[in-house]
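Architecture at a glance
Now for the letters of each chain:
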Amino acid sequence: MTEGAVGVRLPGAAVAVLAVAAGGAIANDYAIQPALAQVARDFGAPVPLVAVVASAAMAGYLAGLALLVPLADRLNPRTLIPVQLLVLAGVLAFAAAAPSPGVLIGCFVVIGGLTTVAAQASAVVGKHSDPGRRGARMGAVSAGISAGILLSRFAGGVLADWIGWRGALLAFAAFVAATALAAFSLLPSGKESPSGSYLASLRALPGLLRTRPRLRHATAAGMLWFFAFNLVWVGLALRLAEPPYTLSPAAIGLYSLAGVLGLVVTRTAGRLSDRFGNRAVMTTGLTVAACAALVLTFGLGNPVATAAALALFDAGCFAAQVANQAGIVAIDPARSGALNAAYLTLYYAAGAIGTAIAGTIVAAGWPAITLLAAAAAAAAVLLTRIKRRRVNNVLTSYI
């Protein structure tokens, strides 16, 4: 195993372009959501049917994490990133011409898979960075991804109002194609030296968790806080829509602006990880997140307190994610794609569980959401701080 960089170091301009490309790509999983009612009217279809587009994108994304992210270890960045971005642009353009809801849903399964180019970009940056700058550079890509998610619904809604949902998809396709061309001119073209076949690499993903104790440990912690993150945000939307708050979707959506603090924190968290180590940043971030979840238990009736607590909760989770991913890539930079694939597949699966059960738990009362989220974040702190060997002995018994 090595903590060093692999191959050619990326210039700063390449990191910046990858950050923009990652954000522009992953935005396509969310940008159409504000226009779903418009899409339904255009097709003359029920809104619930068209709403399947959103879950189709998420299903595709999970599949892409397992199937496409490992390609970062097999293909050179100049081939992998621009080609996948161009294919994504092409599918977006095809979706813009979709003649039926079924075709659109199928397109978004593929779109979701292709947007994992964001995770590939993170793996490429981690692989081709010096250890002393890895956290800061991966933090830059994480900031781009966070910005894409944060701004996607706003941009998608505005574009749909101006030029319709089909025009919005074409605009996003043009943006993705432009980032593909920029990335091609800046990324290195050196050959990768993968061992074994692609199918063998996919079959080896579960084995990584058995043979890499650090990956197993980091994955368990990441699953806990992303479960908490989705639990809080979905539970919040459901609770604020009910009496005595009865907020509109637009008013509830404004709380997402609290994520701006998390966007700012990602860059700082990367630099602090390089300086003080991943464990210190993760411990601090997750402690903040756990405390913020507790504050949310009592402050939901106060919009200012709620927004402030959400900002701290997001910032703590985002900081932990940047530090954790930098540590995962450092396990073996030459296999950053496979390591990221194994980690992120389970990470997003845990998030999906949090999303799925939020409705059931919030029915028991808002405190049930916040206390469970705080407990999950606190458990992640303990996993980060206690002796790794002891944790791995426990985790191994369940794998």
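Scope of this entry: the structure provided in the associated data block. Note that the structure is a prediction, hence the values are computed from the model and not measured. As a convention, each chain's residues are numbered from 1 in the sequence order in which they are written. Where totals are concerned, whole chains, interfaces and linings use all residues; where local detail is concerned, this predicted model gives features only for residues with pLDDT of at least 70, and gives and counts side-chain atom pairs only at 80 or more. Based on all heavy atoms of the structure, the side-chain values leave hydrogens and waters out of the count.

Note on soluble globular proteins: their nonpolar side chains tend to be buried together. In terms of nonpolar packing, the biggest core is built from 127 residues, with Leu104, Phe108, Trp225 and Phe313 touching the most fellow members. Residues count as neighbours in contact if any of their non-hydrogen atoms are within 4.5 Å of one another. Among residues more than four places away in sequence, those in contact with Trp225 are Met282, Leu286, Cys317, Ala320, Gln321, Asn324, Tyr343, Tyr347 and Ala380. Nonpolar cores were defined as sets of buried Ala, Val, Leu, Ile, Met, Phe, Trp, Tyr and Cys residues, with membership established by side-chain atoms within 4.5 Å. Only protein chains enter the accessibility calculation, which uses a 1.4 Å probe. A residue is then buried if its area is under 20% of the maximum for its type, exposed if over 50%, and partly exposed in between.

Pairs of aromatic rings are described using the distance from one ring centre to the other and the angle between the two planes. Two aromatic rings from Phe, Tyr or Trp, using only the six-membered ring of Trp, form a pair when their centres are within 6.5 Å; if the ring planes differ by under 30 degrees the pair is stacked, by over 60 it is edge-to-face, and anything between is tilted. Under the criterion given, the structure shown has 10 aromatic pairs. When the ring of Phe226 is compared with that of Tyr347, the centres are 4.2 Å apart and the planes differ by 15 degrees; the resulting orientation is stacked. Of this pair, Phe226 sits in helix α10 (residues 213-240) while Tyr347 sits in helix α15 (residues 336-362), placing them 121 residues apart in sequence. Accessibility assignment for this pair places Phe226 and Tyr347 in one class, buried. When the ring of Phe229 is compared with that of Phe318, the centres are 5.9 Å apart and the planes differ by 35 degrees; the resulting orientation is tilted. Taken together, the residues Phe229 in helix α10 and Phe318 in helix α14 (residues 303-331) connect sequence positions 89 residues apart. When its relative accessible area of 15% is taken as the criterion, Phe229 is described as buried. Taken together, Tyr61, Trp225, Phe226, Phe229, Phe313, Phe318, Tyr343, Tyr347 and Tyr348 form an aromatic cluster joined through their ring pairs. The positively charged end of Arg78 is found above the aromatic ring belonging to Phe184, 5.3 Å away from the centroid. A helix here means a DSSP run of H or I that spans at least four residues, while a strand means a run of E at least two residues long, and both kinds are numbered starting from the N terminus. We count a charge as sitting over a ring when the NZ of a lysine or the CZ of an arginine lies within 6 Å of the ring centre and within 35 degrees of the ring normal.

A few words on unusual backbone geometry. Looking along the chain, the bond that leaves Pro243 and enters Pro244 is cis, with omega of 5 degrees. With respect to the secondary-structure elements, Pro244 resides in the loop between α10 and α11 (249-254). Positive phi values are uncommon outside glycine, yet Thr246 reaches one of about 50 degrees. Classification of Thr246 as exposed rests on a relative accessible area of 52%.

Any residue with relative accessible area above 30% and no salt bridge may belong to a patch, with like charges joined within 9 Å and the nonpolar Val, Leu, Ile, Met, Phe, Trp and Tyr side chains within 5 Å. All accessibility values rest on the Shrake-Rupley procedure with a 1.4 Å probe; residue burial counts only the protein chains present in the view. In what follows, salt bridge is the name for a side-chain nitrogen of Lys or Arg lying within 4 Å of a carboxyl oxygen of Asp or Glu. There is a patch of nonpolar side chains on the surface, built from Leu254, Leu257, Val260, Leu261, Val264, Val288 and Leu312 and spanning about 580 Å² of accessible area. When residues of the nonpolar patch are assigned to their parent elements, the largest contribution, 3 residues, is made by helix α12 (residues 259-276). With respect to the element layout, Val260 can be found in helix α12. Relative accessible area serves as the criterion here: at 39%, Val260 is assigned to the partly exposed category.

Bringing the side chain of Thr179 into the picture now. Position of Thr179 among the secondary structure elements: in helix α8 (residues 134-186). Given a relative accessible area of 8%, Thr179 falls into the buried group. N or O atoms closer than or at 3.5 Å make up a polar contact, with two conditions inside protein: a donor-capable atom paired with an acceptor-capable one, and, for residues adjacent in sequence, both atoms drawn from side chains. Within the local environment of Thr179, its side chain forms a polar contact with the backbone oxygen of Val176, the two atoms lying 2.7 Å apart. When sequence neighbours within four positions are dropped, the list of residues in contact with Thr179 reads Val17, Val20, Ala21 and Leu85.

By the secondary structure assignment, Leu85 is in helix α5 (residues 77-96). For Leu85, a relative accessible area of 0% puts it in the buried group. When the C-alpha atoms of Leu85 and Ile145 are compared, they prove to be 15 Å apart, with 60 residues separating the residues in sequence. Not counting the four nearest positions on each side in its chain, Leu85 is found in contact with Ala21, Ala25, Val117, Val176, Thr179 and Ala180.

In this section: the pattern of salt bridges. Inspection of the entire model under this criterion finds 4 salt bridges. For Asp73, the salt bridge is made with Lys127, and the minimal N-O distance between the two is 3.4 Å. Linking Asp73 in the loop between α4 (52-67) and α5 with Lys127 in helix α7 (residues 117-127), this pair joins segments that are 54 residues apart in sequence. Exposure remark for Lys127: the relative accessible area of 2% places this residue in the buried category. Note that Glu242 and Arg239 form a salt bridge whose closest N and O atoms lie 3.6 Å from each other. Looking at Glu242, the relative accessible area reads 37%, which means it is partly exposed. In this structure Arg239 comes out as buried when scored by relative accessible area, which is 16%.

Scope: geometric values only; no functional claims are made or implied.
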